[in-house]
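As a plain string of letters, each chain reads:
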Amino acid sequence: MDLDAEVCYCFHVSRRKLINFCRREKPLVPSQLSECGGAGTGCGWCIPFLKQIHRQVMQGGATELEKLSSEEYARLRAAYIRSGKGRPPPGATPLPPEDDPPATV
Ligand code: FES
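The present account deals with the structure reproduced in this document. Since we're looking at a predicted model, the values are computed, not measured. (Residues numbered from 1 in each chain as written. Predicted model: local features only at pLDDT ≥ 70, side-chain atom pairs only at ≥ 80, totals over all residues. Heavy atoms only, no water.)

### Details of the packing of helix α1 (residues 15–25) against helix α2 (residues 47–59)
Then, in step 1: Relative orientation of the contacting elements α1 and α2 amounts to 45°, with a least axis distance of 9 Å. Judged by the angle between their axes, α1 and α2 are oblique. Crossing geometry of α1 relative to α2 is assigned as right-handed. On the side of α1, the interface is formed by R15, L18, I19, C22 and R23, while α2 contributes L50, I53, H54, V57 and M58.
Then, in step 2: Class assignment for the residues of the contact of α1 with α2 results in seven nonpolar, one polar and two charged. (Axes fitted to C-alpha atoms, helices over the stretch in contact; angles between N-to-C directions. Helix = DSSP H or I, 4+ residues; strand = E, 2+ residues; numbered from the N terminus. Parallel < 35°, antiparallel > 145°, perpendicular 65-115°, else oblique. Left-handed = near helix turned anticlockwise from the far one by under 90°. Contact = heavy atoms within 4.5 Å. Nonpolar A, V, L, I, M, F, W, Y, C, P; charged D, E, K, R; others polar.)

### Examining the environment of R55
Then, in step 1: Tracing the backbone through its elements, the reader meets R55 in helix α2.
Then, in step 2: Along the backbone, R55 and L28 are 27 residues apart, and their C-alpha atoms lie at a distance of 10 Å.
Then, in step 3: For R55, the contacting residues outside a window of four places in its chain are G60 and A62.

Next comes the structure, spelled out in structure tokens:
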């Protein structure tokens, strides 16, 4: 998934914005990434990835985002929402069609 891809589809926050926010603001805890455009405060899908980005910037290492394509990430989020685990706010990026092949991660 490239740097300009959205990590938070609910509030349209890219991976690049989140990384730059962490570098600039040095948040003590991942939940402070919500101050970056509201990331993580919608359906909740992206919260584990926000934690990974925070850890990567503050401590190094990798995130799952390096391995996932944007399409896989979008399909996984859609499955999360369709299973009733989160509700996107109005204005969130729409889900891909249900007939897409299932992602495997
Ligand atoms: S994708 Fe980030 S809160 Fe829904």
